[in-house]
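Structure at a glance
These are the residues of each chain, in order.
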Amino acid sequence: MQTYKLAVIPGDGIGPEVVREGLKVLDAVSRTYDFKVEKTFFDYGGERYLKTGQVLSDDELNGLRAFDAIYLGAVGHPDVRPGILERGILLKLRFGLEQYINLRPVHLYNNVPMPIKNKGPEHIDYVVVRENTGDVYTGEGEIRNKGTADEVATQVMIYSRKQVERCLKYAFEYVLKRHATAPWKGLSDEEKSQGYVGKLTLCGKSNVLTNVFDLWDRVMKTMSAQYPQVKLDYVHVDAMCIYLIEAPERFDVIVTTNMFGDIITDLAAVTQGGMGVAPSANINPSSVSMFEPVHGSAPQFAGKGVANPLAAILTLKLMMEHLKQDKAAADIDRAVQSVMLRMKSMLIGQMGYSTAEIGNMVAQSL
Ligand code: IPM
Ligand code: MN
(Lines give C-alpha, C1' and ligand atoms only; values in the text may rest on other atoms or scores of the structure.)
(Ligands and ions follow the chains in the order given, each with its own letter.)
Protein backbone atom coordinates (compact mmCIF):
# COMPACT_ATOMS: atom_id res chain seq x y z
CA MET A 1 0.00 0.00 0.00
CA GLN A 2 1.26 3.49 -0.84
CA THR A 3 2.47 5.12 2.39
CA TYR A 4 3.21 8.81 2.83
CA LYS A 5 5.36 10.25 5.59
CA LEU A 6 3.69 13.43 6.74
CA ALA A 7 5.27 16.01 9.06
CA VAL A 8 2.57 17.88 10.97
CA ILE A 9 3.33 21.28 12.49
CA PRO A 10 0.07 22.42 14.14
CA GLY A 11 1.74 25.65 15.34
CA ASP A 12 0.04 28.40 17.32
CA GLY A 13 -3.35 29.95 17.95
CA ILE A 14 -6.07 28.37 15.83
CA GLY A 15 -3.43 26.29 13.98
CA PRO A 16 -3.84 23.13 16.09
CA GLU A 17 -7.66 23.14 15.93
CA VAL A 18 -7.88 23.56 12.15
CA VAL A 19 -5.14 20.97 11.62
CA ARG A 20 -7.05 18.51 13.85
CA GLU A 21 -10.07 18.81 11.53
CA GLY A 22 -7.85 18.53 8.47
CA LEU A 23 -6.38 15.29 9.74
CA LYS A 24 -9.87 13.82 10.25
CA VAL A 25 -10.50 14.49 6.59
CA LEU A 26 -7.12 13.10 5.58
CA ASP A 27 -7.77 9.90 7.56
CA ALA A 28 -11.13 9.51 5.86
CA VAL A 29 -9.79 9.94 2.29
CA SER A 30 -6.84 7.66 2.99
CA ARG A 31 -9.28 4.88 3.94
CA THR A 32 -11.39 5.42 0.84
CA TYR A 33 -8.51 5.65 -1.61
CA ASP A 34 -6.34 3.02 0.00
CA PHE A 35 -3.20 4.83 0.98
CA LYS A 36 -1.52 5.24 4.35
CA VAL A 37 -0.35 8.41 6.06
CA GLU A 38 2.31 8.09 8.73
CA LYS A 39 2.16 11.27 10.79
CA THR A 40 4.94 12.78 12.87
CA PHE A 41 4.08 15.81 14.97
CA PHE A 42 6.44 18.70 15.62
CA ASP A 43 5.88 21.45 18.20
CA TYR A 44 7.67 24.22 16.30
CA GLY A 45 6.02 27.56 16.98
CA GLY A 46 5.58 30.43 19.40
CA GLU A 47 4.68 28.35 22.45
CA ARG A 48 7.87 26.34 22.22
CA TYR A 49 9.90 29.50 21.56
CA LEU A 50 8.55 31.13 24.72
CA LYS A 51 9.37 28.02 26.76
CA THR A 52 12.78 27.15 25.33
CA GLY A 53 14.01 30.12 23.30
CA GLN A 54 14.31 27.86 20.24
CA VAL A 55 12.93 28.88 16.86
CA LEU A 56 13.94 26.25 14.30
CA SER A 57 17.45 24.80 14.18
CA ASP A 58 19.23 23.73 11.01
CA ASP A 59 19.02 20.12 12.16
CA GLU A 60 15.28 20.40 12.66
CA LEU A 61 14.94 21.95 9.22
CA ASN A 62 17.01 19.21 7.62
CA GLY A 63 15.01 16.55 9.46
CA LEU A 64 11.95 17.62 7.50
CA ARG A 65 13.58 16.67 4.20
CA ALA A 66 12.85 13.02 4.96
CA PHE A 67 9.07 13.57 4.64
CA ASP A 68 6.78 13.38 1.63
CA ALA A 69 4.91 16.50 2.72
CA ILE A 70 4.54 18.98 5.56
CA TYR A 71 1.18 20.10 6.93
CA LEU A 72 1.36 23.39 8.80
CA GLY A 73 -1.42 25.14 10.77
CA ALA A 74 -0.15 28.62 11.57
CA VAL A 75 2.76 30.21 13.38
CA GLY A 76 2.49 33.53 15.21
CA HIS A 77 2.18 34.44 18.87
CA PRO A 78 1.02 37.72 20.45
CA ASP A 79 3.79 37.58 23.07
CA VAL A 80 6.59 37.24 20.52
CA ARG A 81 8.00 40.31 18.78
CA PRO A 82 6.98 40.45 15.08
CA GLY A 83 9.56 38.93 12.76
CA ILE A 84 11.08 36.33 15.08
CA LEU A 85 8.74 33.45 14.29
CA GLU A 86 8.01 34.61 10.76
CA ARG A 87 11.68 34.79 9.83
CA GLY A 88 12.89 32.09 12.20
CA ILE A 89 10.33 29.42 11.34
CA LEU A 90 8.01 30.12 8.40
CA LEU A 91 10.45 31.85 6.06
CA LYS A 92 13.28 29.59 7.20
CA LEU A 93 11.17 26.61 6.12
CA ARG A 94 10.16 28.12 2.78
CA PHE A 95 13.67 29.33 1.95
CA GLY A 96 15.62 26.47 3.52
CA LEU A 97 13.56 23.79 1.77
CA GLU A 98 13.65 25.86 -1.46
CA GLN A 99 9.90 25.85 -1.76
CA TYR A 100 10.14 28.41 -4.50
CA ILE A 101 6.49 28.44 -5.45
CA ASN A 102 3.63 29.59 -3.26
CA LEU A 103 0.56 28.34 -5.04
CA ARG A 104 -2.65 30.13 -4.07
CA PRO A 105 -5.77 29.11 -5.99
CA VAL A 106 -8.61 31.60 -5.82
CA HIS A 107 -11.90 29.86 -6.36
CA LEU A 108 -15.33 31.05 -5.27
CA TYR A 109 -17.50 28.05 -4.39
CA ASN A 110 -21.27 28.07 -4.73
CA ASN A 111 -23.23 29.60 -1.85
CA VAL A 112 -20.18 31.33 -0.38
CA PRO A 113 -21.00 34.92 0.58
CA MET A 114 -18.43 37.54 -0.41
CA PRO A 115 -18.61 41.32 -0.72
CA ILE A 116 -18.53 41.96 -4.50
CA LYS A 117 -21.93 42.47 -6.06
CA ASN A 118 -22.57 40.97 -9.50
CA LYS A 119 -19.69 38.50 -9.33
CA GLY A 120 -20.10 34.79 -8.78
CA PRO A 121 -18.28 31.47 -9.05
CA GLU A 122 -18.16 31.82 -12.85
CA HIS A 123 -16.05 34.99 -12.48
CA ILE A 124 -13.68 34.07 -9.68
CA ASP A 125 -11.55 31.10 -10.64
CA TYR A 126 -7.86 31.79 -11.07
CA VAL A 127 -4.57 30.80 -9.52
CA VAL A 128 -1.82 33.01 -8.13
CA VAL A 129 1.69 31.63 -8.54
CA ARG A 130 3.61 33.64 -5.96
CA GLU A 131 7.41 33.47 -6.10
CA ASN A 132 8.41 32.31 -2.63
CA THR A 133 12.17 32.74 -2.09
CA GLY A 134 13.24 36.19 -3.28
CA ASP A 135 12.24 39.84 -3.14
CA VAL A 136 12.36 41.97 0.02
CA TYR A 137 11.73 38.73 1.92
CA THR A 138 15.41 37.84 1.75
CA GLY A 139 15.97 40.58 4.30
CA GLU A 140 18.95 41.96 2.40
CA GLY A 141 19.54 45.48 3.67
CA GLU A 142 20.48 47.34 6.80
CA ILE A 143 19.81 50.20 9.16
CA ARG A 144 22.56 52.78 8.96
CA ASN A 145 23.16 55.47 11.58
CA LYS A 146 20.51 53.90 13.79
CA GLY A 147 18.75 56.29 16.13
CA THR A 148 20.34 59.40 14.58
CA ALA A 149 18.79 62.10 12.41
CA ASP A 150 20.66 60.58 9.46
CA GLU A 151 19.21 57.13 9.89
CA VAL A 152 18.60 55.17 6.66
CA ALA A 153 16.86 51.78 6.47
CA THR A 154 17.02 49.57 3.37
CA GLN A 155 15.48 46.24 2.43
CA VAL A 156 16.19 45.37 -1.15
CA MET A 157 13.93 43.83 -3.76
CA ILE A 158 16.26 41.21 -5.12
CA TYR A 159 15.83 38.58 -7.84
CA SER A 160 18.30 36.35 -9.59
CA ARG A 161 17.71 35.15 -13.13
CA LYS A 162 17.64 31.58 -11.81
CA GLN A 163 14.85 32.40 -9.36
CA VAL A 164 12.85 34.13 -12.07
CA GLU A 165 13.38 31.31 -14.57
CA ARG A 166 12.31 28.50 -12.27
CA CYS A 167 9.24 30.40 -11.13
CA LEU A 168 8.12 31.29 -14.65
CA LYS A 169 8.76 27.77 -15.90
CA TYR A 170 6.49 26.44 -13.16
CA ALA A 171 3.84 29.05 -14.04
CA PHE A 172 3.88 28.25 -17.78
CA GLU A 173 3.70 24.52 -17.07
CA TYR A 174 0.89 25.15 -14.61
CA VAL A 175 -1.18 26.87 -17.30
CA LEU A 176 -0.80 23.83 -19.56
CA LYS A 177 -1.65 21.42 -16.75
CA ARG A 178 -4.70 23.45 -15.73
CA HIS A 179 -6.05 23.30 -19.27
CA ALA A 180 -4.88 19.85 -20.29
CA THR A 181 -8.45 18.80 -21.04
CA ALA A 182 -10.27 22.07 -21.85
CA PRO A 183 -9.09 25.58 -22.73
CA TRP A 184 -9.65 28.40 -20.30
CA LYS A 185 -13.19 29.77 -20.59
CA GLY A 186 -11.93 33.37 -20.59
CA LEU A 187 -10.39 33.03 -24.05
CA SER A 188 -12.25 34.43 -27.04
CA ASP A 189 -13.20 32.10 -29.89
CA GLU A 190 -10.54 33.77 -31.99
CA GLU A 191 -7.86 33.16 -29.36
CA LYS A 192 -8.93 29.54 -29.10
CA SER A 193 -8.75 29.17 -32.86
CA GLN A 194 -5.20 30.56 -32.67
CA GLY A 195 -4.32 27.61 -30.45
CA TYR A 196 -4.23 29.30 -27.06
CA VAL A 197 -5.31 27.16 -24.11
CA GLY A 198 -4.82 29.64 -21.28
CA LYS A 199 -3.34 32.89 -20.15
CA LEU A 200 -0.40 33.85 -17.94
CA THR A 201 -0.51 37.32 -16.40
CA LEU A 202 2.63 38.82 -14.91
CA CYS A 203 1.72 41.14 -12.05
CA GLY A 204 4.48 43.70 -11.52
CA LYS A 205 5.38 47.36 -11.34
CA SER A 206 7.52 47.80 -14.43
CA ASN A 207 7.00 51.57 -14.48
CA VAL A 208 8.90 52.02 -11.21
CA LEU A 209 10.79 48.82 -10.45
CA THR A 210 12.48 49.03 -13.81
CA ASN A 211 15.35 46.65 -13.04
CA VAL A 212 13.44 43.82 -11.43
CA PHE A 213 10.58 43.73 -13.90
CA ASP A 214 12.87 44.21 -16.86
CA LEU A 215 14.40 40.88 -15.81
CA TRP A 216 11.01 39.21 -15.30
CA ASP A 217 9.70 40.56 -18.60
CA ARG A 218 12.70 39.44 -20.64
CA VAL A 219 12.74 35.96 -19.14
CA MET A 220 8.98 35.60 -19.63
CA LYS A 221 9.11 36.65 -23.30
CA THR A 222 12.05 34.39 -24.07
CA MET A 223 10.46 31.43 -22.32
CA SER A 224 7.11 31.98 -24.03
CA ALA A 225 8.63 30.68 -27.29
CA GLN A 226 8.44 27.21 -25.69
CA TYR A 227 4.80 27.77 -24.71
CA PRO A 228 3.04 29.16 -27.79
CA GLN A 229 -0.33 27.94 -26.39
CA VAL A 230 -0.08 30.35 -23.45
CA LYS A 231 -1.28 33.89 -24.02
CA LEU A 232 0.94 36.46 -22.31
CA ASP A 233 -0.47 39.32 -20.29
CA TYR A 234 0.90 41.98 -17.95
CA VAL A 235 -0.84 44.04 -15.23
CA HIS A 236 0.68 46.53 -12.77
CA VAL A 237 0.11 45.54 -9.16
CA ASP A 238 -1.90 48.66 -8.33
CA ALA A 239 -4.23 48.10 -11.27
CA MET A 240 -4.43 44.45 -10.21
CA CYS A 241 -6.18 45.64 -7.03
CA ILE A 242 -8.88 47.18 -9.23
CA TYR A 243 -9.27 44.21 -11.59
CA LEU A 244 -9.41 41.57 -8.86
CA ILE A 245 -12.58 43.33 -7.68
CA GLU A 246 -14.07 44.69 -10.91
CA ALA A 247 -13.05 42.07 -13.46
CA PRO A 248 -11.62 38.93 -11.84
CA GLU A 249 -12.87 36.89 -14.80
CA ARG A 250 -10.00 38.23 -16.90
CA PHE A 251 -7.50 36.10 -14.96
CA ASP A 252 -6.42 32.53 -15.43
CA VAL A 253 -2.95 32.15 -13.90
CA ILE A 254 -1.23 35.17 -12.35
CA VAL A 255 2.50 34.99 -11.67
CA THR A 256 4.08 37.54 -9.37
CA THR A 257 6.88 38.42 -6.99
CA ASN A 258 6.91 37.45 -3.33
CA MET A 259 5.67 40.68 -1.71
CA PHE A 260 3.10 41.55 -4.39
CA GLY A 261 1.86 37.96 -4.18
CA ASP A 262 1.48 38.25 -0.43
CA ILE A 263 -0.62 41.40 -0.77
CA ILE A 264 -2.84 40.50 -3.71
CA THR A 265 -3.70 37.07 -2.29
CA ASP A 266 -5.16 38.63 0.86
CA LEU A 267 -7.33 40.80 -1.37
CA ALA A 268 -8.16 37.77 -3.50
CA ALA A 269 -9.05 35.76 -0.38
CA VAL A 270 -11.79 38.27 0.46
CA THR A 271 -13.32 37.66 -2.97
CA GLN A 272 -13.42 33.91 -2.39
CA GLY A 273 -15.21 34.23 0.95
CA GLY A 274 -12.45 35.24 3.33
CA MET A 275 -9.37 33.82 5.01
CA GLY A 276 -11.46 30.95 6.32
CA VAL A 277 -11.41 29.27 2.92
CA ALA A 278 -8.10 30.28 1.30
CA PRO A 279 -5.55 27.45 0.90
CA SER A 280 -1.92 27.55 -0.15
CA ALA A 281 0.96 25.26 -1.03
CA ASN A 282 4.67 26.01 -0.72
CA ILE A 283 6.09 23.87 -3.47
CA ASN A 284 9.52 22.52 -4.22
CA PRO A 285 8.84 20.41 -7.32
CA SER A 286 11.81 18.14 -6.64
CA SER A 287 11.79 17.89 -2.84
CA VAL A 288 9.46 18.28 0.12
CA SER A 289 6.54 20.72 -0.13
CA MET A 290 4.59 22.36 2.68
CA PHE A 291 0.85 22.89 2.78
CA GLU A 292 -0.66 25.67 4.89
CA PRO A 293 -3.80 27.80 4.95
CA VAL A 294 -3.26 31.45 3.97
CA HIS A 295 -4.64 32.62 7.32
CA GLY A 296 -2.54 33.25 10.41
CA SER A 297 -2.80 32.03 14.00
CA ALA A 298 -5.64 34.42 15.01
CA PRO A 299 -4.74 34.07 18.72
CA GLN A 300 -7.81 35.97 19.94
CA PHE A 301 -10.02 33.17 18.56
CA ALA A 302 -7.90 30.21 19.64
CA GLY A 303 -9.54 27.42 21.60
CA LYS A 304 -13.07 28.74 21.09
CA GLY A 305 -14.05 26.38 18.30
CA VAL A 306 -15.04 29.29 16.04
CA ALA A 307 -12.29 29.09 13.41
CA ASN A 308 -13.18 27.87 9.94
CA PRO A 309 -11.18 24.70 9.18
CA LEU A 310 -12.08 24.73 5.48
CA ALA A 311 -8.91 26.62 4.46
CA ALA A 312 -6.85 23.94 6.20
CA ILE A 313 -8.99 21.23 4.60
CA LEU A 314 -8.73 22.73 1.11
CA THR A 315 -4.99 22.86 1.70
CA LEU A 316 -5.15 19.06 1.85
CA LYS A 317 -6.77 19.07 -1.56
CA LEU A 318 -3.59 20.76 -2.84
CA MET A 319 -1.52 18.18 -0.97
CA MET A 320 -3.47 15.33 -2.58
CA GLU A 321 -2.99 16.86 -6.04
CA HIS A 322 0.71 17.22 -5.33
CA LEU A 323 0.95 13.56 -4.25
CA LYS A 324 -0.96 12.56 -7.41
CA GLN A 325 -3.97 11.35 -5.42
CA ASP A 326 -6.29 13.15 -7.82
CA LYS A 327 -9.41 11.22 -6.83
CA ALA A 328 -8.88 12.04 -3.18
CA ALA A 329 -8.38 15.69 -4.13
CA ALA A 330 -11.60 15.77 -6.15
CA ASP A 331 -13.47 14.09 -3.32
CA ILE A 332 -12.28 16.67 -0.77
CA ASP A 333 -13.36 19.41 -3.15
CA ARG A 334 -16.84 17.90 -3.53
CA ALA A 335 -17.24 17.35 0.20
CA VAL A 336 -16.17 20.91 1.03
CA GLN A 337 -18.64 22.32 -1.51
CA SER A 338 -21.48 20.26 -0.06
CA VAL A 339 -20.70 21.43 3.48
CA MET A 340 -20.46 25.06 2.34
CA LEU A 341 -24.04 24.79 1.10
CA ARG A 342 -25.12 24.21 4.70
CA MET A 343 -23.04 26.95 6.36
CA LYS A 344 -24.31 30.47 7.14
CA SER A 345 -21.00 32.17 6.45
CA MET A 346 -17.33 31.35 5.97
CA LEU A 347 -16.28 34.00 8.49
CA ILE A 348 -14.83 33.21 11.87
CA GLY A 349 -17.54 32.88 14.53
CA GLN A 350 -20.39 33.24 12.01
CA MET A 351 -20.46 29.83 10.42
CA GLY A 352 -23.50 28.37 12.19
CA TYR A 353 -21.32 25.39 13.23
CA SER A 354 -18.23 24.87 15.35
CA THR A 355 -14.78 24.11 13.97
CA ALA A 356 -15.13 20.42 14.92
CA GLU A 357 -18.65 20.15 13.50
CA ILE A 358 -17.44 21.40 10.14
CA GLY A 359 -14.54 18.95 10.16
CA ASN A 360 -16.95 16.11 10.98
CA MET A 361 -19.39 17.20 8.27
CA VAL A 362 -16.67 17.22 5.62
CA ALA A 363 -15.34 13.83 6.75
CA GLN A 364 -18.86 12.38 6.62
CA SER A 365 -19.57 13.84 3.16
CA LEU A 366 -16.58 12.14 1.61
C1 IPM B 1 1.63 34.62 4.31
C2 IPM B 1 2.05 35.40 5.51
C3 IPM B 1 3.56 35.39 5.61
C4 IPM B 1 4.11 36.04 4.36
C5 IPM B 1 4.13 36.07 6.88
C6 IPM B 1 3.54 35.49 8.13
C7 IPM B 1 5.63 36.03 6.92
O8 IPM B 1 1.55 36.69 5.47
O9 IPM B 1 1.90 33.41 4.26
O10 IPM B 1 1.01 35.19 3.40
O11 IPM B 1 4.29 37.27 4.30
O12 IPM B 1 4.37 35.30 3.42
MN1 MN C 1 0.20 37.03 3.82
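Residues numbered from 1 in each chain as written. Chains lettered and ligands numbered in written order. Predicted model: local features only at pLDDT ≥ 70, side-chain atom pairs only at ≥ 80, totals over all residues. Heavy atoms only, no water.

1. Remarks on unusual backbone geometry
As a reminder of what qualifies: The helix count covers DSSP runs of H or I at least four residues long, the strand count covers runs of E at least two residues long, and both are numbered beginning at the N terminus.
Within the chain, D34 stands out as a residue other than glycine whose phi angle is a positive 65°. For D34, the position within the fold is in the loop between helix 1 (15-32) and strand 2 (36-41). Phi angles above zero are rare outside glycine, and E98 is one such case at about 45°. In this fold, E98 is placed in the loop between helix 4 (84-96) and strand 4 (101-107).

2. Remarks on empty space enclosed by the protein
Rules: The method works on a 1 Å grid over the protein atoms by themselves. A cavity is a set of points holding a 1.4 Å probe that cannot get out, a pocket is an open set with protein on both sides within 12 Å along at least five of seven lines, and residues with an atom within 4 Å of a point line them. Grid points are joined across faces, edges and corners, and a volume is the space filled by probe spheres set on the points. Classes in brief: Ala, Val, Leu, Ile, Met, Phe, Trp, Tyr, Cys and Pro nonpolar; Asp, Glu, Lys and Arg charged; the others, Gly included, polar.
For the structure shown, the criterion picks out 1 cavity of 30 Å³ or more. In this structure, the largest cavity spans a volume of roughly 50 Å³. Forming the walls of the largest cavity are Y4, K5, L6, L26, F35, V37, D68, A69, M319, M320 and L323. Of all elements in the fold, only strand 1 (3-11) and helix 10 (310-322) reach the threshold of two or more residues within the lining of the largest cavity. The dominant element in the lining of the largest cavity, judged by the number of residues it contributes, is strand 1, at 3 residues. Its residues assigned to classes, the lining of the largest cavity shows 9 nonpolar, no polar and 2 charged.

3. As for the sheet that holds strand 8 (residues 198-204)
Cut-off, in case you're wondering: Paired strands, as defined in this entry, are two strands with at least two bridges between them according to DSSP. Note on geometry: axes are lines fitted to C-alpha atoms, helical ones only across the stretch in contact, with angles between N-to-C directions running from 0 to 180 degrees. Contacts are residue-level and defined by heavy atoms, with any inter-residue pair within 4.5 Å sufficient.
Strand order in the open sheet made by the 10 strands is 2-1-3-12-11-4-5-10-8-9, with mixed pairing throughout. Lying at the two open borders of the sheet, with one neighbouring strand each, are strand 2 and strand 9 (230-236). Adjacent strand axes in the sheet meet at a mean angle of 25°, parallel and antiparallel pairs treated alike. Bridge analysis of strand 4 against strand 5 (residues 125-131) gives 7 bridges, and the strand direction is antiparallel. By the bridge assignment for strand 5, L103 is matched with V129. The sheet contacts of helix 8 (residues 237-246) involve strand 5, strand 8, strand 9 and strand 10 (253-256), and relative to strand 9 the element is tilted by about 105°. On top of the sheet, helix 10 reaches strand 1, strand 3 (69-74), strand 4, strand 11 (279-283) and strand 12 (289-293); it is set at about 155° to strand 12, its chief contact.

4. Here's the deal with the domain arrangement of the protein
Spelled out, the test is: Residue ranges assigned to the domains are those given by an automatic or database domain assignment. Defined here as a combined quantity, buried area equals the accessible surface (1.4 Å probe) lost by two parts on assembly, summed across both. In the sections that follow, a salt bridge refers to a side-chain nitrogen of Lys or Arg positioned within 4 Å of a carboxyl oxygen of Asp or Glu.
One can read the domain layout of the protein as domain 1 (1-99 + 299-366) and domain 2 (115-271). The distance between the C-alpha centroids of domain 1 and domain 2 comes to 26 Å. With 6 residues of domain 1 at the contact, the number on the domain 2 side is 9 residues. When the two sides are added together, the surface that domain 1 and domain 2 hide from each other amounts to roughly 620 Å², 44% of it contributed by carbon and sulfur. It is R87, R94 and F95 in domain 1 that bury the most area against domain 2; as a group they hold 64% of the surface buried on that side. Counting across the interface, domain 1 meets domain 2 through 1 salt bridge. Ionic pairing is found between R166 and E98, a salt bridge with its closest N-O pair at 2.8 Å. Counted by class, the side of domain 1 that touches domain 2 contains 2 nonpolar, 1 polar and 3 charged residues.

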